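# Residue-level structural notes
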Number of protein chains: 2
Amino acid sequence: MIEALTKELKETYQVVFKDISLLEQAFTHSSYVNEHRHLELTDNERLEFLGDAVLELIISEYLYHHFQDLPEGKLTKLRATIVCEDSLAKFAKECGFDAHIRLGKGEENSNGRNRSSLLCDLFEAFLGALFIDQGSQKANDFIYQVIIPKIESGAFSHEMDHKTALQEVLQKNGDISIEYKLVREEGPAHNRIFHVEVNAGGKLLGIGSGKSKKVAEQKAAEVALGDLNQK
Amino acid sequence: MIEALTKELKETYQVVFKDISLLEQAFTHSSYVNEHRHLELTDNERLEFLGDAVLELIISEYLYHHFQDLPEGKLTKLRATIVCEDSLAKFAKECGFDAHIRLGKGEENSNGRNRSSLLCDLFEAFLGALFIDQGSQKANDFIYQVIIPKIESGAFSHEMDHKTALQEVLQKNGDISIEYKLVREEGPAHNRIFHVEVNAGGKLLGIGSGKSKKVAEQKAAEVALGDLNQK
């Protein structure tokens, strides 16, 4: 069982554990420990405690550098949608981790192998074990292989405002300057309409209008995103 | 102002920032930015977002390795008492950070310089700046100079159970084996009393009694702690 897992980790993620018992622990649910007391195993809960903090820092550092225009509140919100139970459970499945966790019979029969909270904990426990066994750089590499590409391909864009989502899509292959330009204002002061263009790399991507510059910019970004997604 | 801060950081913590503007940003409250718009400053909130995650990981890693017998639930509780607003505000004051933060007039007049949430954010922002400017090892060193000694001297012991607190005190200068021994049981099965001794380094430190081994062990640890604290 552990052989199949170590083979997969090596082939897919170039990860080779020095201490296999740590990897085994990450894949051992408390229900399995309880049903096999004579084996004196340790479950993965302490590793999950550590892995949670490891993941939080890696994602925070990425967001901090990558979204330089986002204020703290929006960074926090974005982080919460990436580092949440549902999303981590999905990543655990994508990594094929669900096949390898050792569960007690009761947990297995009640479909624990597909339960979000269990899979989320498993993902964090694996990351905790990786961090201890291989250090922070390898934990970083793993997250940059598994999670960051999803962020960059827009998997969390629905959680961002349109301007942020557009920046995300345009800058995934490197820095590109995005410019919002007020091109026209019309109407009386109490009912003014603003028209804004968004340009990137010297190319006009969209035009938006609204009762404030802010709203017009969001509209322009929304239009640009719609166009880009159709290509 | 920034000169006094850089001098203190160098003398007390051997910390010398490469990018002084990052240090200045960490010590700039949003109220100051709002009152000095022409200076186009950036406040410390994004740095606080990052520093929060940096601190969480450093403390988690320390607790994980240092309290090997604590289950996940107790590690989480202990972490929460160390990484909380009140405690971080105290650390900010102990570091003398409150003297250096740039506040707006309104914030200053309403005693913002002594407000827990503001000081807690400042501490985290400094740590975020330190992490970016100097890397994770230096951020680690700083926390091991400022926070870890407090944990080891028992500042958070009231949040631990007695056995954990005793372990904390005894093991601060290295590993020492602590042994709990059931020395006597008495009374009928439905009302049994257990007597437990706690020994460390071959020396008897305390005796405790209770209706379960677990309770008797906690009592023994409590007695031992009381004795140690009187020395």
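Above this note sits the structure.
To start, this report covers the structure provided alongside it. Bear in mind that the values here come from a model prediction, so they are computed numbers and not experimental data.

All right, on to the overall build of chain A then. Of regular secondary structure, chain A possesses twelve helices and three strands. Computed over the C-alpha atoms, the radius of gyration of chain A is 23 Å, more than 25% above the 17 Å expected from 2.2 N^0.38 for a compact globule of 231 residues. Projected onto its principal axes, the C-alpha coordinates of chain A cover approximately 80 × 35 × 30 Å. Looking at chain A residue by residue over its 231 residues, the buried ones come to 48%. Within chain A, contacts between residues separated by at least 24 positions form 54% of all contacts whose residues are at least 6 apart in sequence. Accessible surface, chain A as shown: approximately 11500 Å² in total, 48% of it carbon and sulfur. Taken together, the 27 basic and 37 acidic charged side chains of chain A have centroids lying 6 Å from each other.

Below, the discussion takes up the sheet that holds strand E1 (residues 178-186) of chain A. Pairing between sheet strands relies on hydrogen bonds along the backbone, with the strands arranged either parallel or antiparallel. All names here are of chain A. What the three strands build is an open sheet, ordered E1-E2-E3; its pairing is antiparallel. At either margin of the open sheet sits one strand with a lone partner, and together these are E1 and strand E3 (203-210). Shown here is a sheet whose adjacent strand axes are inclined to one another by a mean of 20 degrees, direction ignored. As judged from the seven bridges shared by strand E2 (residues 193-200) and E3, these two strands associate in the antiparallel manner. Its bridge partner being in E3, His 195 is matched across the sheet by Ser 209. Along the sheet, helix H12 (residues 213-230) makes contact with E1, E2 and E3, crossing E3 at roughly 135 degrees.

In screw terms, the move from chain A to chain B is a rotation of 180 degrees and a rise of 0.1 Å along the axis, fitting with an RMSD of 0.1 Å. Those values place the two copies in the arrangement expected of a two-fold rotation axis. Same-surface contact between copies: 100% of interface residues of chain A are shared with the interface of chain B.

What follows deals with the sheet that holds strand E3 (residues 203-210) of chain B. Residues and elements named next belong to chain B. Read from one edge to the other, the open sheet built from three strands follows the order E1-E2-E3, with strand pairing classed as antiparallel. Of all the strands in the sheet, the pair left with one neighbour each is strand E1 (178-186) and E3. Geometrically, the sheet is characterised by an average inter-axis angle of 20 degrees between neighbouring strands, direction not taken into account. The pairing of E1 with strand E2 (residues 193-200) spans eight bridges and is classified as antiparallel. Within E2, the position partnered with Lys 181 by the bridge is Glu 197. Against the sheet, helix H11 (residues 162-170) makes contact with E1, E2 and E3, and its axis sits at roughly 140 degrees relative to E1, the strand it touches most. Sitting on the sheet, helix H12 (residues 213-230) touches E1, E2 and E3, and the angle it makes with E3 is about 135 degrees.

Each partner contributes to the interface: chain A provides 25 residues, whereas chain B provides 25 residues. In total, chain A and chain B occlude about 2300 Å² of area from one another, counting both sides; carbon and sulfur atoms represent 68% of this. It is A:Arg46, A:Phe49 and A:Tyr64 in chain A that bury the most area against chain B; as a group they hold 38% of the surface buried on that side. Linking chain A to chain B there are two salt bridges. Remark: the boundary between chain A and chain B carries six residue pairs in polar contact (both at pLDDT 80 or more). Element by element, the count of residues in the side of chain A that touches chain B is highest for helix H4 (residues 45-66) of chain A, at 15 residues. Split into classes, the residues belonging to the side of chain A that touches chain B amount to 14 nonpolar, four polar and seven charged.

Definitions and cut-offs
Residues numbered from 1 in each chain as written. Chains lettered and ligands numbered in written order. Predicted model: local features only at pLDDT ≥ 70, side-chain atom pairs only at ≥ 80, totals over all residues. Heavy atoms only, no water. Helix = DSSP H or I, 4+ residues; strand = E, 2+ residues; numbered from the N terminus. Rg over C-alpha atoms; globule rule 2.2 N^0.38 Å. Buried < 20%, exposed > 50% of the residue type's maximum accessible area, 1.4 Å probe, protein only. Contact = heavy atoms within 4.5 Å. Areas by Shrake-Rupley, 256 points an atom, 1.4 Å probe, with all protein chains shown as cover. Lys, Arg positive; Asp, Glu negative; His and termini not counted. Charge placed at Lys NZ, Arg CZ, Asp CG, Glu CD. Pairing = 2+ DSSP bridges. Axes fitted to C-alpha atoms, helices over the stretch in contact; angles between N-to-C directions. Least-squares fit on C-alpha atoms with pLDDT ≥ 70 in both. Buried area = accessible area lost by both parts, 1.4 Å probe. Salt bridge = Lys/Arg side-chain N within 4 Å of Asp/Glu carboxyl O. Polar contact = N/O pair within 3.5 Å; in protein donor to acceptor, adjacent residues only side chain to side chain. Nonpolar A, V, L, I, M, F, W, Y, C, P; charged D, E, K, R; others polar.

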